[in-house]
Amino acid sequence: MRALRVVGLHEDGKSIVCEDPASRTRFLLPADERLRAAARGDITRLGQIEIELESQMRPREIQARIRAGESVEQVASGAGVTVQRVERFAYPVLLERSRTAELAQRAHPIREDGPDVQTLGEVMAHSFGLRGHDYSQATWDSWRGDDGKWVVVLCWKAGRSDNRAHWSFAPGAHGGTVQALDENAEVLLNPNAYRAPRTVRALDPGRDAVIQPTLDSIPDEPVAKVIDAPIAEPEEEAEPPLPADEPEEVAEPAPRAKGKKNHPIVPSWEDVLLGVRSQRG
């Protein structure tokens, strides 16, 4: 390894001129951050610079990742470089993605009987109108998939939910064709199948509401005043006199069967068969 001698600063102010003492050959050494760190003896800073240089991607790799659908921030974060460095190479690819999304809106959706007469943008505008969504607030984007085909995405917000619909786009004559890739895309391509939700009639609170009484709402009933009054004793009714010419017939009591003391009366066998009771003393 040959040793060089520092001659001075170059005219551009960004390089240092070094010379070989033996052959008088001169060399230019860039005055970058690595040279400054080496001159200071900062080993830690030299290691950080080496990691940053190794993590820097080539411009072609940056464009390939942007074309595949990643954002500038995602590429910069994954590569460990600044956003400004990625933007320099990502700008042409971002224009390509935007242009492809515009072309896809002029393409014709594929139906069961062939391509539709209407374009994808016209069908989406009609479908959004039926659902009460603002089509002007929706955004389009595109990227190239692993198979080399373009994928178009429509993003919109309904209420608090973020929604997406994807189609595959094949450029061609008369604007090309698009084909649905998920359920949202299929539903949006069939606006006639959409049914508006039924409205629910509000109840009339004055007519339909039933107010349950509470203990506090029941009025206090007046307590009846008790008046002491003398109770009249009922008068004894006089029995009507019996006629004198008609003697009263006194019914003779039926003779009672006499039984022995502490012994029940046992009917005879003839009484049981005939169903009568004989008089036994």
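Just above sits the structure.
Residues numbered from 1 in each chain as written. Predicted model: local features only at pLDDT ≥ 70, side-chain atom pairs only at ≥ 80, totals over all residues. Heavy atoms only, no water.

### A closer look at the overall build of the protein chain
Then comes step 1: Of regular secondary structure, the protein chain possesses nine helices and nine strands.
Then comes step 2: Once local pairs closer than 6 in sequence are excluded, the contacts in the protein chain between residues at least 24 apart make up 32%.
Then comes step 3: Just so you have it, the protein chain exposes about 23,100 Å², and 53% of that area is on carbon and sulfur atoms. (Helix = DSSP H or I, 4+ residues; strand = E, 2+ residues; numbered from the N terminus. Contact = heavy atoms within 4.5 Å. Areas by Shrake-Rupley, 256 points an atom, 1.4 Å probe, with all protein chains shown as cover.)

### What about the side chain of R97?
Then comes step 1: With respect to the helices and strands, R97 occurs in helix 5 (residues 83-105).
Then comes step 2: For R97, a relative accessible area of 6% corresponds to the buried category. (Buried < 20%, exposed > 50% of the residue type's maximum accessible area, 1.4 Å probe, protein only.)

### Some points on the environment of G13
Then comes step 1: Tracing the chain through its elements places G13 in the loop between strand 1 (5-9) and strand 2 (15-19).
Then comes step 2: Classification of G13 as partly exposed rests on a relative accessible area of 43%.
Then comes step 3: Between the alpha carbons of G13 and A31 there is a distance of 8.6 Å; along the sequence they are 18 residues apart.

### A closer look at the pattern of salt bridges
Then comes step 1: Within the structure shown, the criterion is met by ten salt bridges.
Then comes step 2: For E33, the salt bridge goes to R36, with nearest N and O atoms at 4.0 Å. Linking E33 with R36, this pair stays in helix 1 (residues 33-40), spanning three residues, or about one helical turn.
Then comes step 3: Judged by its relative accessible area of 44%, R36 falls in the partly exposed class.
Then comes step 4: Among the ionic pairs, R97 bridges to D141, the shortest N-O distance being 2.8 Å. One end of the pair, R97, is in helix 5; the other, D141, is in strand 6 (residues 139-144), with 44 residues separating them in the sequence.
Then comes step 5: Accessibility expressed as a relative area gives 26% for D141, which makes it partly exposed. (Salt bridge = Lys/Arg side-chain N within 4 Å of Asp/Glu carboxyl O.)

### Examining the nonpolar core
Then comes step 1: Ranked by size, the top nonpolar core spans 20 residues in total, and within it M124, W140, L154, W167 and L188 carry the most contacts.
Then comes step 2: If you list the elements that add at least two residues to this core, you get helix 5, helix 6 (120-131), strand 7 (150-158), strand 8 (161-170) and helix 7 (183-188).
Then comes step 3: Those residues in contact with W140 that sit more than four places away from it in its chain are A101, Q105, L120, M124, Y135, V152, V153, L154 and W167.
Then comes step 4: Core analysis: the second largest hydrophobic core is formed by twelve residues, M57, I62, A76 and A90 among them. (Core = buried A, V, L, I, M, F, W, Y, C linked by side-chain atoms within 4.5 Å.)

### Some words on the packing of aromatic side chains
Then comes step 1: Tallied over the entire structure, the rule returns three aromatic pairs.
Then comes step 2: When the ring of F128 is compared with that of Y135, the centres are 5.4 Å apart and the planes differ by 70°; the resulting orientation is edge-to-face.
Then comes step 3: F128 sits in the buried class, given a relative accessible area of 1%.
Then comes step 4: The interplanar angle of 70° and the centroid separation of 5.4 Å between the aromatic rings of F128 and W156 together place this pair among those described as edge-to-face. On the criterion of sequence distance, the pair formed by F128 in helix 6 and W156 in strand 7 is long-range, its members being 28 residues apart. For the pair shown, F128 and W156 are each scored as buried.
Then comes step 5: One aromatic cluster in this structure is built from F128, Y135 and W156. (Phe/Tyr/Trp six-rings, centres within 6.5 Å; stacked < 30°, edge-to-face > 60°.)

### Thoughts on unusual backbone geometry
Negative phi characterises most residues that are not glycine, and trans characterises most peptide bonds.
Then comes step 1: The residue R24 is not glycine, and still its phi comes out positive at about 65°.
Then comes step 2: Tracing the backbone through its elements, the reader meets R24 in the loop between strand 2 and strand 3 (26-30).

### Topic: the sheet that holds strand 3
Then comes step 1: One open sheet accounts for three strands, arranged 1-2-3; its pairing is antiparallel. The open sheet has two free edges, formed respectively by strand 1 and strand 3, since each of these has just one partner strand. Between one strand axis and the next, the sheet turns through 35° on average, direction left out of account.
Then comes step 2: Direction of pairing for strand 2 relative to strand 3: antiparallel, over a ladder of five bridges. Bridge pairing in strand 3 links I16 to L29. (Pairing = 2+ DSSP bridges. Axes fitted to C-alpha atoms, helices over the stretch in contact; angles between N-to-C directions.)

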